[in-house]
Amino acid sequence: DGDDRATAGVVALAAVIRGAATEGERLLLTWVAEGVSHRVIAGWLGVSYDAATKRVWRLCRKLRDVALRHVAALAPAERAE
């Protein structure tokens, strides 16, 4: 059924993204997903606010690129999902 394929596609994409991130990057993503402010993250990492914000945005760009490359490599029917 179409819903099962879409779910499998999303699971596969998540696995690719997860595999492209280091343990530290996954932790950073978790904090951002939980709504932790960049200022608090900076304190936890012992870096400036600007450095923490740059890390977050660079990571987002990196993982977006990974996702786009993954999707581009799919067959047209899979890509449509």
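Quantities reported herein were computed from a predicted structural model and do not represent experimental measurements.

I keep staring at the side chain of Glu25 and nothing clicks. Help me out?
Turning to its location among the elements, Glu25 is positioned in helix H2 (residues 23-33). On the basis of relative accessibility, which here comes to 19%, the residue Glu25 falls in the buried class. With residues near it in sequence (within four places) discarded, Glu25 still touches Ala20, Leu59 and Lys62.

Just checking my understanding: could you explain the packing of H2 against helix H3 (residues 38-45) for this structure?
For any two helices packed against each other, the geometry comes down to the angle between their axes and how far apart the axes lie. In the contact formed by H2 and H3, the axes pass within 10 Å of each other and the chain directions differ by 145 degrees. H3 is crossed by H2, and the crossing has right-handed handedness. Within the contact between the two elements, H2 uses Leu28, Trp31 and Val32 and H3 uses Ile41, Trp44 and Leu45. For the contact of H2 with H3, a count of residues per class yields 6 nonpolar, no polar and no charged.

Definitions and cut-offs
Residues numbered from 1 in each chain as written. Predicted model: local features only at pLDDT ≥ 70, side-chain atom pairs only at ≥ 80, totals over all residues. Heavy atoms only, no water. Helix = DSSP H or I, 4+ residues; strand = E, 2+ residues; numbered from the N terminus. Buried < 20%, exposed > 50% of the residue type's maximum accessible area, 1.4 Å probe, protein only. Contact = heavy atoms within 4.5 Å. Axes fitted to C-alpha atoms, helices over the stretch in contact; angles between N-to-C directions. Left-handed = near helix turned anticlockwise from the far one by under 90°. Nonpolar A, V, L, I, M, F, W, Y, C, P; charged D, E, K, R; others polar.

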